[in-house]
Amino acid sequence: MSVKRPPFYVKAQEILLRTVLGSKGYDLPFGSDADRGYLLLLVGLMSFLAVLACAGTLSLHAMTQRWSSGLENKITIEIKAEDRDGTMLSPETIRLETEKITEMLQKNPAVKSFEALQEKEIKKLVSPWLGEDFSLEDIPLPGLIAVELNVSSPEALEKLTGSIKKLSPTARVDTHREWLQDILRFTGTLQWIALFVALIVALTTVTAISSGVKSRMAVHKDQVEILHLIGASDKYIARQFQWHAIIIALLGSILGTAAGLGMATFILLLSGQSGTSLIPQISLDSTSMLIFIFLPVIASIISGVTARFTVLRTLSLMP
Amino acid sequence: MIKFDNVGFRYETGPEILSDISFELAAGSYHFLTGPSGAGKTSLMSLMYLGHRPTRGSLHMFEHNVGFLPRERLFEIRQKIGIVFQDFRLMNHLTAFDNVALPLRILKRPEKEIRNNVTELLDWVGLGESKDRLPPTLSGGQQQRIAIARAIIARPRLLLADEPTGNLDDTIGFRLMGLFDQLNKMGTTIVIATHNTHIMELFGHPRLILAHGRLTQETRQGPITQKIRNVS
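Residue indices begin from 1 for each chain and proceed along its sequence in written order. Key to labels: chains lettered from A, ligands numbered from 1, both in the order written. Two thresholds apply to this predicted model, a pLDDT of at least 70 for residue-level local features and 80 or more for giving and counting side-chain atom pairs, whereas whole-chain, interface and lining totals are computed over all residues. Side-chain numbers here rest on the full set of heavy atoms in the structure, without hydrogens or water.

Caption draft 1: Representation of the overall build of chain B. The number of helices and strands found in chain B is seven helices and eleven strands. The buried label applies to any residue whose accessible area, calculated with a 1.4 Å probe on protein chains only, is under 20% of its type's maximum; exposed applies above 50%, and partly exposed to all values in between. Here chain B holds 232 residues, and the buried ones make up 55% of them. It only takes one pair of heavy atoms within 4.5 Å for two residues to be counted as in contact. Considering only contacts within chain B whose residues lie at least 6 apart along the sequence, 64% involve residues at least 24 apart. Numbered from the N terminus, helices here are DSSP runs of H or I no shorter than four residues, and strands are runs of E no shorter than two.

Next up, the structure:
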């Protein structure tokens, strides 16, 4: 008859417990706990979700950073295709006004660099809506100048806008702030949602560990009572439950984090391949890696502290 | 060492199991606690090993008033007490060796010292060959010897034993009583709850007699009984 081998995590847990608690490991019969596998799975799943939430937060953070820094000190000047009365201007008029403004920009010390978009580039910009085969003669398009400023202070911006308005009263200066703020508000909300998910994950872990410890204490009530009566302090007993919870959480969380990282990488690879330029590719820099490496440690600390306080609270009801 | 002063005890809202118990045990004394079944011997023992606290009266142990001692410090008193439970209360998942080693591990003694002392004691109680066996695979008598070894391994200042020879044959029973005598001579205070009149007669230590929740104290010299005080 073949002897059934214990699962790998049982062996790993026993080795870790012996390392922490001494040659024998622990005094309570945790080895026979049927819920050990479930607890490991639960912590693993919670860590998996936490990794996805963290990866989401980091990805959004990287995205907003890229957008913010990319648009910093940058404005777009639009020379409208119609005057104040709504009369359409000829492409020639628009070109002349654009030239006047570029001449002014060239001399303006607040301007670091600028680029007037050529007809070809503007056509490329609007081609998704208008198609490739149209003539600027048929549809007058506004003139666009991308400008990078040395300093984007409100005063410098106001002065520059005044100079532009003098040359082209219908010209509009777009600082991108309006739509950027909408996007930032949206990504900010998503980040809060991701943090909320992480909080729910942590609370679920705390609740599960706490009820797991309580049921384990009930199952091992006699053994706990023996330890208590032969002189074990509450801390001695709590230490056993605490390390048991820490080690299970550590093992579960390492597995869950690894699976979560795999999944997050897969999702980000897919999003990168989709060609959506709005979503930047997340790269796991050292800070991100540190967060993910610390996740099992954080899960273990949460589990250990929860187990310790649950045991101490339960023991305080004993004589 | 132990002083009960008008102690009363009840389980939750039940009737009073022990009433007006007053007695004092000097350090190094040796007493038998006896009385009919249901008289409250186990409850009185439980008060002595701090398994419960009195519902009234005062209990002093090792110069501490237990009623005033914070719960978190009671383990310090329990560490000075060795207990042999009537139902042994061994850890069934631990080997005989680990069961006996438990009090030393709680006291954080070095593993080498634990190994030497436990092996020596297990040999002495005749269980050297069975040190790696789990309690459920041992006979009642063998389990009782493990329970006794666990109670005395840390050289307690007070040894409380509830029917310690109940499951033992006479030879081992007398041998263990001899061990208790030896411990007593080394300064351990001993209280043994027993029905065994033969052993009580033979060893002749003073008796605490419980009947209907009240205590009578007698002093005995060999087979001669002299009632000295009725404190109930």
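Caption draft 2: The arrangement of the sheet that holds strand β2 (residues 111-116) of chain A in detail. All names here are of chain A. Taken together, the four strands give an open sheet; going across it, the order is β2-β3-β1-β4, and neighbouring strands pair in antiparallel fashion. Each edge of the sheet is formed by a strand with only one pairing partner; in this case those strands are β2 and β4 (172-174). Sheet twist, expressed as the average angle between the axes of neighbouring strands with direction ignored, equals 25 degrees. Interaxial angle, 0 to 180 degrees, is taken between N-to-C directions of lines fitted to C-alpha atoms, where a helix line uses only the stretch in contact. Relative to strand β3 (residues 143-149), helix α3 (residues 91-107) is tilted by about 10 degrees, and along the sheet it contacts β1 (74-79), β2 and β3. Pairing between strands requires that DSSP locate at least two bridges from one strand to the other.

Caption draft 3: Representation of the pairing of strand β1 (residues 2-10) of chain B in the model. Residue and element names in this part refer to chain B. When β1 meets strand β2 (residues 16-25), the two strands line up antiparallel, connected through six bridges. Of the residues in β2, the one forming a bridge with Phe9 is Leu18. Counted between consecutive antiparallel strands, the loop separating β1 from β2 contains five residues, among which Glu12 sits at a positive phi close to 50 degrees. The pairing of β1 with strand β4 (residues 56-61) spans five bridges and is antiparallel. Paired with Gly8 across the bridge in β4 is Arg56.

Caption draft 4: Inspection of empty space enclosed by the protein at higher detail. In this analysis the probe radius is 1.4 Å and the grid spacing 1 Å, with only protein atoms considered; a cavity is a set of points the probe fits into but cannot get out of, a pocket is an open set with protein on both sides within 12 Å along at least five of seven lines, and lining residues have an atom within 4 Å of a point. Grid points are joined across faces, edges and corners, and a volume is the space filled by probe spheres set on the points. All chains considered together, the criterion is met by one cavity of 30 Å³ or more. The space that makes up the largest cavity amounts to roughly 130 Å³. If you go around the largest cavity, you meet 13 residues; those closest to its centre are Ile230(A), Ile81(B), Gly82(B), Pro103(B) and Ala154(B). Of all elements in the fold, only β6 (81-84), α3 (96-106) and α5 (140-152) of chain B reach the threshold of two or more residues within the lining of the largest cavity. If one sorts the elements of the lining of the largest cavity by residue count, β6(B) sits on top with three residues. Any residue that is not Ala, Val, Leu, Ile, Met, Phe, Trp, Tyr, Cys, Pro, Asp, Glu, Lys or Arg is counted as polar, Gly included; the first ten are nonpolar and the last four charged. Across the lining of the largest cavity, the residue classes break down as nine nonpolar, two polar and two charged.

Caption draft 5: How the structure looks around the nonpolar core. Residue and element names in this part refer to chain B. Judged by nonpolar contacts, the single largest core of 37 residues is most densely connected at Val100, Val118, Phe180 and Ile192. Listing elements by their share of this core, those giving two or more residues are β3 (30-34), α3, α4 (111-124), α5, β7 (158-162), α6 (170-185), β8 (189-193) and α7 (197-203). For this core, the leading source of residues is α5, giving six residues. Dropping the residues within four chain positions of it, Val100 is found in contact with Val118, Leu121, Leu122, Ile146, Ala149, Arg150 and Ile153. What we call a nonpolar core is a set of buried Ala, Val, Leu, Ile, Met, Phe, Trp, Tyr and Cys residues that are connected through their side-chain atoms within 4.5 Å. Residues Phe4, Leu25, Val191 and Leu215 belong to the second largest nonpolar core, which totals 35 residues.

Caption draft 6: Molecular detail of the packing of aromatic side chains. Residue and element names in this part refer to chain B. For Phe, Tyr and Trp, rings pair up if their centres lie within 6.5 Å, where Trp contributes its six-membered ring, and each pair is then called stacked (planes under 30 degrees apart), edge-to-face (over 60) or tilted (otherwise). Overall, the coordinates contain five aromatic pairs over all chains when judged by the stated rule. Judged by centre distance (6.5 Å) and plane angle (25 degrees), the ring pair of Phe174 and Phe203 falls under stacked. Highlighted residues: Phe174 in helix α6 and Phe203 in helix α7, separated in sequence by 29 residues. The ring of Phe62 carries the charged tip of Lys80 above its face, separated from the ring centre by 5.4 Å. Two thresholds decide whether a charge sits over a ring: the Lys NZ or Arg CZ must be within 6 Å of the ring centre and within 35 degrees of the ring normal. One residue, Arg89, lies across the ring of Phe85, its end atom 5.1 Å from the ring centre.

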